[in-house]
Amino acid sequence: MRIGGETTRSIVPGADGASFRVLDQTLLPWRVEWLTIRDAGAAAHAIRSMQVRGAPLIGATAAFGLALALREGASDAALAEAESALAATRPTAVNLAWALARVRRAAASVPPADRAARAWAEAIAIADEDEAACAAIGRHGLPLLSAIAARKGRVNVLTHCNAGWLATVDWGTATAPIYAAHDAGLDIHVWVDETRPRNQGGALTAFELGAHGVPHTVIADNAGGHLMQRGAVDIVLVGTDRVARNGDVANKIGTYLKALAAHDTGVPFWVALPFSTIDWTVADGLRDIPIEERSAREMTHVHGQAEDGTPMTLRVVAPGSPAANPAFDVTPARLVTGLITERGRCAASEGGLRRLYPDAA
Ligand code: MRU
């Protein structure tokens, strides 16, 4: 990723092993500010408050957070307590529990005196693997976009929320094929769903695509179906927070409606993910993936910037009206054309996933 003229990643471990830096995403796109995290409490706060967000980045942040906790106390009890505090921050993205379990297992395999260093090394490995996985997703998704380009020239992609480098360590999941296509010289344009209530599309995906020079247009969440009916969308590409064994995918609220519209209009609907987003323990995503309920204030109020650059929070809902804020929905596998992973593409089904991951438990 390139930000402020610098090539970097969304999460940067300190050389001393005592802190790491993340971009404060609650300030984007208005201000680019790095946040230095020095303890597990600050890591948990960053995840809960969505200073960091996006399934793979939540996992990497929790991994570094758990390693920092072990600098304070490395007994079995301290390890378990820090893991459960970090795990409680957000319920839907399985990358969180996956990364924590991986760091806990690594730390528990050595004596307490060595645990912080072992955990830190594991967190670095998780971050490195996420970057490599996302780059591979780009390579495996590119042929889908090249085929459209060969048929009709310009490729119009629609995406929802932010499944870009801000949501991962680098490249993004849904955006990785987009960046690969743009860098390969394809004529690609992205319809960016605004993604109410928190506007991850309008604020973050638009910011990222703009920084990379990818042509894009932000649309209201309700515009996608109409654009698909008009033939203005060639492919929908989204990320996911948890894929069940049967291929059901949880993603940002509103994804399901895009999948329905894509199904009705014959537009291919692809979901991009690294291995860390597959939950082999969930057999039926619609039934068993937990859906985070966030504060109603995210619905009733929007954050933005006044014309003169002053940050503003504005109420946009009638005073006194209650609001609800389910943050994710589940798209059933039958509406998903296919999955793009770091190992290749597959059907959204247990058979498809097992073909790519025969080694999974
Ligand atoms: O609530 P958020 O912003 O963390 O939700 C993020 C998403 O829904 C992304 O699409 C998902 O995590 C995929 S990230 C590569």
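The structure reproduced in this document is the subject of the present report. (Residues numbered from 1 in each chain as written. Predicted model: local features only at pLDDT ≥ 70, side-chain atom pairs only at ≥ 80, totals over all residues. Heavy atoms only, no water.)

### A look at the pairing of strand β8 (residues 216–219)
Moving on, step 1. Where strand β7 (residues 188–193) and β8 come together, 4 bridges link them in parallel fashion. Along β8, the bridge assignment pairs W191 with T217.
Moving on, step 2. Each parallel crossover has a hand, and the one from β7 via helix α7 (residues 200–212) to β8 is right-handed. (Pairing = 2+ DSSP bridges. Helix = DSSP H or I, 4+ residues; strand = E, 2+ residues; numbered from the N terminus. Right-handed = clockwise from strand over helix to strand, strands pointing away.)

### Side note on the state of the cysteines
Moving on, step 1. If you walk through the whole model with that rule in mind, you get 0 disulfides.
Moving on, step 2. Not part of a disulfide, C134 finds its nearest cysteine sulfur in C161, a span of 14 Å.
Moving on, step 3. Note on C134: relative accessible area 0%, which makes it buried.
Moving on, step 4. Here C346 is not cross-linked by a disulfide; its sulfur's nearest cysteine counterpart is in C134, at 16 Å. (Disulfide = S-S within 2.5 Å. Buried < 20%, exposed > 50% of the residue type's maximum accessible area, 1.4 Å probe, protein only.)

### Some thoughts on the packing of helix α2 (residues 55–72) against helix α5 (residues 112–152)
Moving on, step 1. Two elements in contact, α2 and α5, have axes whose closest approach is 8 Å; the angle formed by their N-to-C orientations is 170°. For the element pair α2 / α5, the angle class is roughly antiparallel. Contacts between α2 and α5 involve P56, A60, A63, F64, A67, L68, L70 and R71 from the first element and R115, A116, A119, W120, A123, I124, I126, A127 and D130 from the second. (Axes fitted to C-alpha atoms, helices over the stretch in contact; angles between N-to-C directions. Parallel < 35°, antiparallel > 145°, perpendicular 65-115°, else oblique. Contact = heavy atoms within 4.5 Å.)

### Things to note about the sheet that holds strand β6 (residues 155–159)
Neighbouring strands of a sheet are bound in pairs by backbone hydrogen bonds; such pairs are parallel or else antiparallel.
Moving on, step 1. Overall, mixed pairing links the 7 strands, which are arranged β8-β7-β6-β9-β12-β17-β18 in an open sheet. The open sheet has two free edges, formed respectively by β8 and β18 (344–346), since each of these has just one partner strand. Averaged over all pairs of adjacent strands, the angle between strand axes in this sheet comes to 25°, irrespective of strand direction.
Moving on, step 2. In this sheet, strand β17 (residues 338–341) lies alongside strand β12 (residues 269–272) in parallel orientation, the contact comprising 3 bridges. Among the inter-strand pairings, V271 is bridged to a residue of β17, identified as L339.
Moving on, step 3. Against the sheet, α5 touches β6, β7, β9 (235–238), β12, β17 and β18, its axis set at about 130° to β17.
Moving on, step 4. Strand contacts of α7: β6, β7 and β8, with the helix running at about 160° to β7, the strand carrying the most contacts.

### With respect to the sheet that holds strand β13 (residues 278–279)
Moving on, step 1. An order of β13-β10-β11-β16 is seen for the 4 strands of this open sheet, with the pairing classed as mixed. Edge positions in the sheet fall to β13 and β16 (328–331), since each has one partner strand and no second.
Moving on, step 2. The sheet contact formed by strand β11 (residues 249–252) and β16 spans 4 bridges and is antiparallel. Bridge pairing in β16 links V249 to T331.

### Let's talk about unusual backbone geometry
Moving on, step 1. The linkage connecting L28 with the following residue, P29, adopts the cis geometry, with an omega of 5°.
Moving on, step 2. Mapped onto the elements of the fold, P29 is located in the loop between β4 (20–23) and β5 (34–37).
Moving on, step 3. The phi dihedral of M50 is positive, around 65°, even though this residue is not glycine.
Moving on, step 4. When you line up the elements, M50 lands in the loop between α1 (40–48) and α2.

### Examining a nonpolar patch on the surface
Moving on, step 1. Together, M312, L314 and V316 make up an exposed nonpolar region whose accessible area comes to about 250 Å².
Moving on, step 2. Secondary-structure assignment places L314 in strand β15 (residues 311–315).
Moving on, step 3. Here L314 falls in the partly exposed class, since its relative accessible area comes to 43%. (Patch = residues over 30% accessible without salt bridge, like charges linked within 9 Å, V, L, I, M, F, W, Y side chains within 5 Å. Areas by Shrake-Rupley, 256 points an atom, 1.4 Å probe, with all protein chains shown as cover. Salt bridge = Lys/Arg side-chain N within 4 Å of Asp/Glu carboxyl O.)

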